[in-house]
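The primary structure of each chain is shown beneath.
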Amino acid sequence: NAGVTQTPKFQVLKTGQSMTLQCAQDMNHEYMSWYRQDPGMGLRLIHYSVGAGITDQGEVPNGYNVSRSTTEDFPLRLLSAAPSQTSVYFCASTRTGNYGYTFGSGTRLTVV
Amino acid sequence: TQLLEQSPQFLSIQEGENLTVYCNSSSVFSSLQWYRQEPGEGPVLLVTVVTGGEVKKLKRLTFQFGDARKDSSLHITAAQPGDTGLYLCAGEMNTGNQFYFGTGTSLTVIP
């Protein structure tokens, strides 16, 4: 099984550009989340989904959009990139019960 | 301000020493998890604790969930270089599988 797959692994954007970070999981997990990781701040929750068609905001949702049209996919869209969005982004999924999240290997995004 | 504060932020110790990492909050959590992350990778789950006062052991690692379910600790006995990594606690609120992560503790074990 591939687990959680994130693409791309690296990306450089100019301020104002838009892009979509892709996330796919093949474990039939109901729950999926997007986190960003910055030095000294651990991981902060951006958006999450409890199932196809259902999404909600986390701690730091501004500047990001998500959708969940299928169980497998949970893309994260940056509407107009800003330097403050330079970070490492992780997608994660889990199922009902205390199983913990399975994380992707991350996307390192730099906005110049 | 983060929901979960971890201390210390950085820890560098000699192989064979013991250490404790703390995860504290003013909020109550329905469960709490500990993860370990290596450079360039996503975090990997170590343990989940769900009951106040619960203690779980994983070989040389001991995890404790506070009685009030607001804090947790991770104790490593006889640390080894392979324990080097970033340790993250994550608390679940409202049993909605939304986990909020702590600030992280970067551990370096020197051979």
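Up top is the structure.
Our subject in this report is the structure included herewith. (Residues numbered from 1 in each chain as written. Chains lettered and ligands numbered in written order. Predicted model: local features only at pLDDT ≥ 70, side-chain atom pairs only at ≥ 80, totals over all residues. Heavy atoms only, no water.)

## With respect to the overall build of chain A
Counting its secondary structure elements, chain A contains zero helices and eleven strands. A globule of 112 residues ought to have a C-alpha radius of gyration of about 13 Å, and chain A, at 13 Å, matches this closely. For chain A, the C-alpha atoms occupy an extent of roughly 40 × 30 × 25 Å along the three principal directions. Taken over 112 residues, chain A has a buried fraction of 47%. Nonlocal contacts in chain A, meaning residues at least 24 apart in sequence, comprise 53% of its contacts between residues at least 6 apart. Element-wise, carbon and sulfur atoms account for 49% of the exposed surface of chain A, whose accessible area totals about 5,100 Å². Taking the average location of the 8 positive side-chain charges in chain A and that of its 7 negative ones, the two points are 10 Å from each other. (Helix = DSSP H or I, 4+ residues; strand = E, 2+ residues; numbered from the N terminus. Rg over C-alpha atoms; globule rule 2.2 N^0.38 Å. Buried < 20%, exposed > 50% of the residue type's maximum accessible area, 1.4 Å probe, protein only. Contact = heavy atoms within 4.5 Å. Areas by Shrake-Rupley, 256 points an atom, 1.4 Å probe, with all protein chains shown as cover. Lys, Arg positive; Asp, Glu negative; His and termini not counted. Charge placed at Lys NZ, Arg CZ, Asp CG, Glu CD.)

## A word on the state of the cysteines
One pass over the full model with this rule turns up two disulfides over all chains. Disulfide partner of Cys 23 of chain A: Cys 91 of chain A, at an S-S distance of 1.9 Å. Handedness of the Cys 23 of chain A-Cys 91 of chain A disulfide follows from its S-S torsion of about -70 degrees: it is left-handed. Of this pair, Cys 23 of chain A sits in strand 3 (residues 19-25) while Cys 91 of chain A is found in strand 9 (residues 87-94), placing the two residues 68 residues apart along the sequence. By relative accessible area, Cys 23 of chain A is classed as buried at 1%. The residue that forms a disulfide with Cys 23 of chain B is Cys 89 of chain B, at a sulfur-sulfur distance of 2.0 Å. Between Cys 23 of chain B and Cys 89 of chain B the sulfur-sulfur dihedral comes to about 80 degrees; the bridge is accordingly right-handed. (Disulfide = S-S within 2.5 Å.)

## A short note on the interface of chain A and chain B
Contacts between the two partners involve 23 residues from chain A, matched on the other side by 24 residues from chain B. Summed over both partners, the interface of chain A with chain B buries about 1,800 Å², with 52% contributed by carbon and sulfur atoms. Linking chain A with chain B are zero salt bridges. Listing elements by their share of the side of chain A that touches chain B, those giving two or more residues are strand 4 (31-37), strand 5 (43-51) and strand 9 of chain A. Counting residues per element, the side of chain A that touches chain B draws most heavily on strand 5 of chain A, at five residues. (Buried area = accessible area lost by both parts, 1.4 Å probe. Salt bridge = Lys/Arg side-chain N within 4 Å of Asp/Glu carboxyl O.)

## Observations regarding the nonpolar core
If you look at the biggest cluster of nonpolar residues, it comprises 20 residues, and the most contacted ones within it are Leu 19, Leu 32, Trp 34, Leu 74, Ile 76 and Leu 107 of chain B. Listed by contribution, the elements that provide at least two residues to this core are strand 3 (19-24), strand 4 (31-37), strand 5 (44-49), strand 7 (61-65), strand 8 (71-76), strand 9 (85-92) and strand 11 (105-110) of chain B. Ranked by size, the runner-up nonpolar core spans 18 residues in total, among them Trp 34, Tyr 64, Val 66 and Ala 81 of chain A. (Core = buried A, V, L, I, M, F, W, Y, C linked by side-chain atoms within 4.5 Å.)

## Some remarks on the environment of Val 49 of chain B
Residue and element names in this part refer to chain B. With respect to the secondary-structure elements, Val 49 resides in strand 5. Once the C-alpha coordinates of Val 49 and Gln 33 are considered, the two residues, 16 residues apart in sequence, prove to be 6.3 Å apart. Once you skip the residues sitting within four places of it in the chain, Val 49 turns out to touch Ser 31, Leu 32, Glu 54, Lys 56 and Phe 65.

## With respect to the pairing of strand 9 of chain A
Each regular strand displays side chains that alternate between the two surfaces of the sheet. Residues and elements named next belong to chain A. The buried fraction of strand 9 amounts to eight of the eight residues, a majority that puts the element mostly inside the structure. Looking at chain direction, strand 4 and strand 9 are connected through seven bridges and run antiparallel. The residue bridging Tyr 35 from the neighbouring strand is Phe 90, located in strand 9. Pairing geometry for strand 9 and strand 11 (residues 107-111), over three bridges, is antiparallel. Bridge pairing links Ser 87 to Leu 109 in strand 11. In this sheet, strand 10 (residues 102-103) lies alongside strand 9 in antiparallel orientation, the contact comprising two bridges. Counted as the bridge partner of Ala 92 is Phe 103 from strand 10. (Pairing = 2+ DSSP bridges.)

## Considering the side chain of Ser 31 of chain B
Residue position: Ser 31 of chain B is located in strand 4. The exposure class assigned to Ser 31 of chain B is buried, which follows from its relative accessible area of 1%. Among the polar contacts listed, one links the side chain of Ser 31 of chain B to the side chain of Glu 92 of chain B, at a separation of 2.7 Å. Every residue in contact with Ser 31 of chain B, bar those within four places of it in the chain, is listed here: Asn 98 of chain A together with Thr 48, Val 49, Val 50, Phe 65, Ala 90, Gly 91, Glu 92 and Phe 99 of chain B. (Polar contact = N/O pair within 3.5 Å; in protein donor to acceptor, adjacent residues only side chain to side chain.)

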